[in-house]
Each structure stands twice: as C-alpha cells, then as structure tokens.
Amino acid sequence: MLCGYALADFMGNVVHVGVDKILGDVQLAKLIALLHDIGRFEQVKRYDSFEPFTMDHAVFGVELLEADSHRLLRCFAEEDAFDRVILTAIGTHSLYELPEIKDKKTLLHARLIRDADKLDNCRVKLVDSLDILLGMEAEKVGNLSISPKVWEMCLQEKSVYSPVRQNRMDYWVSYVAYFFDINYPASASFILEEDFVKRVIARIPYGNPDTRIKMEKLSVMVEAYLERLAGIKRDF
C-alpha cells in the first residue's frame, strides 16, 4: 500500500485538476485516502494475505471506524456531517463495481478513491518483486495462458472479476484490465503520462505466443479507453 499521506496528497491533486470541487472536497478526499485501507492491517495480521477471499478489508475498515466502543472516526473528523460519505467511499472502494449511489457528493468520493486505489496498486505492481506479487517466477507466469472468461471480460472493456481468475497470468491481466474501471479524466491522463499500462505489461516476458499477442492487444485497448476518457485524440 502507498503511504496514506502520499495517497492523500494525490487525491487532493485529482480533485483540484479533475472535478468541479465544492468547498471541503479536497480535505474530504484526502481523509478518505488516508483511511481507506485501515482494514488491511487486521487482514494481514489474521491471514498474512491481501487476497480478497480471506477478508473484506473495506467492510472491516468501516466497522472499525464506526464502532460504538471507541468511535475511531472522531479522531480524524470532529464533526459527523460527512460520516456517510466517508464510510460509503471506504466500504465500496474494493467492490467489483459500485452500487447505485444517489447522493452526488458520496458518488464523487466513492469514484475518486477507487481511482486512487488503482493508481496505488499500479505503483506496487511496478516496484515489488514479481515472486512476491504472484508467488511465481516471471518466466513461468509468462508461459501460462489467459483463461477464456478473463479474456472475454477484457474484450468487453471490463475489469476482471476476481473469482474468475484461474492462474497467475489471469491475476497479472487483472492488474492491467482494472484500468477499465477508471472514472475521471485526470486519473486517465496521469496513467497515460506515466506510461503505466506498457510499464506494467513489460515486467513479464511472455513465452506463450498467444498470451503475448493478447497482452499486446490489451495494451492497445486499455490505452484507447483511457485516451477516450481523457479526451485525447490520436493523430493518425
């Protein structure tokens, strides 16, 4: 996980650049970023794992913050005016897709933290050891095939639903396809400027010819999606 303070600063920048902000949205976005993964600590303590099937860290984080016994959220926000915004954004940030959220402010922040969380995850995928990330050497991962259900979701420009992943290559594909769930032009522009898609994909040597072709195609599809979102037109 990215240091909560660094992610909070990034969130503030996205609000400044990418959305029509209302008074207080920048600080609110920073607070949500700071607290969004507070449930991870208990997950690692109990299971020594970040795998989603071990524990819903987002739901646990909400329970921890609003527990009557100590009301931890009050340590970070003296007033309760935005409790529902904060808790909804945190509680839904790791869902496959957002539920219907009618309140505009809540929806804004729920989308913002999902974008920031993906960028945080992208940084991890670029710097952490692949043996640690995937539990397998990069060369062995690159020899695997992409499962049909996973590839079909990519072709539909959807992020990969975790339970359909069958092997470590599917996991790696999901770390690229989750950019199909980016919400804001500022986030898309940042990803493109940093060349995150190509840099993540390039970490694996694809010995499987079919997988290599599909990863090349996925790179083109994801970047085209981000360019559309960012309002960038290609010069042909």
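A short tour of the structure in this document, coming up.

Calculation criteria
Residues numbered from 1 in each chain as written. Predicted model: local features only at pLDDT ≥ 70, side-chain atom pairs only at ≥ 80, totals over all residues. Heavy atoms only, no water. Helix = DSSP H or I, 4+ residues; strand = E, 2+ residues; numbered from the N terminus. Contact = heavy atoms within 4.5 Å. Buried < 20%, exposed > 50% of the residue type's maximum accessible area, 1.4 Å probe, protein only. Core = buried A, V, L, I, M, F, W, Y, C linked by side-chain atoms within 4.5 Å. Phe/Tyr/Trp six-rings, centres within 6.5 Å; stacked < 30°, edge-to-face > 60°. Lys NZ or Arg CZ within 6 Å of the ring centre and 35° of its normal.

## As for the environment of Leu28
Then, in step 1: Mapped onto the secondary structure, Leu28 falls in helix α2 (residues 25–35).
Then, in step 2: Beyond its immediate stretch of four places on either side in the chain, Leu28 contacts Phe82, Val85, Ile86, Lys105 and His109.

## Some words on the side chain of Ser219
Then, in step 1: Along the chain, the position of Ser219 falls in helix α13 (residues 209–230).
Then, in step 2: Ser219 gets classed as buried once you look at its relative accessible area, which sits at 10%.

## Some thoughts on the nonpolar core
Then, in step 1: In this structure, Trp172, Phe179, Leu218 and Leu226 are the most contacted members of the largest nonpolar core, which totals 42 residues.
Then, in step 2: Here the element with the most residues in this core is helix α10 (residues 168–177); it accounts for 7 residues.
Then, in step 3: Every residue in contact with Leu226, bar those within four places of it in the chain, is listed here: Phe179, Ile182, Ala188, Ile191, Leu192 and Val197.

## A look at the packing of aromatic side chains
Then, in step 1: Applying the stated rule across the entire model yields 5 aromatic pairs.
Then, in step 2: Judged by centre distance (5.9 Å) and plane angle (80°), the rings of Trp172 and Tyr175 are edge-to-face. With a gap of 3 residues between them, Trp172 and Tyr175 both fall in helix α10, about one helical turn apart.
Then, in step 3: Seen from the ring of Tyr175, Lys125 lies directly overhead, with NZ or CZ sitting 4.3 Å from the centre.
Then, in step 4: When the ring centre of Tyr171 is taken as reference, the NZ or CZ atom of Arg168 above it lies at 4.6 Å.

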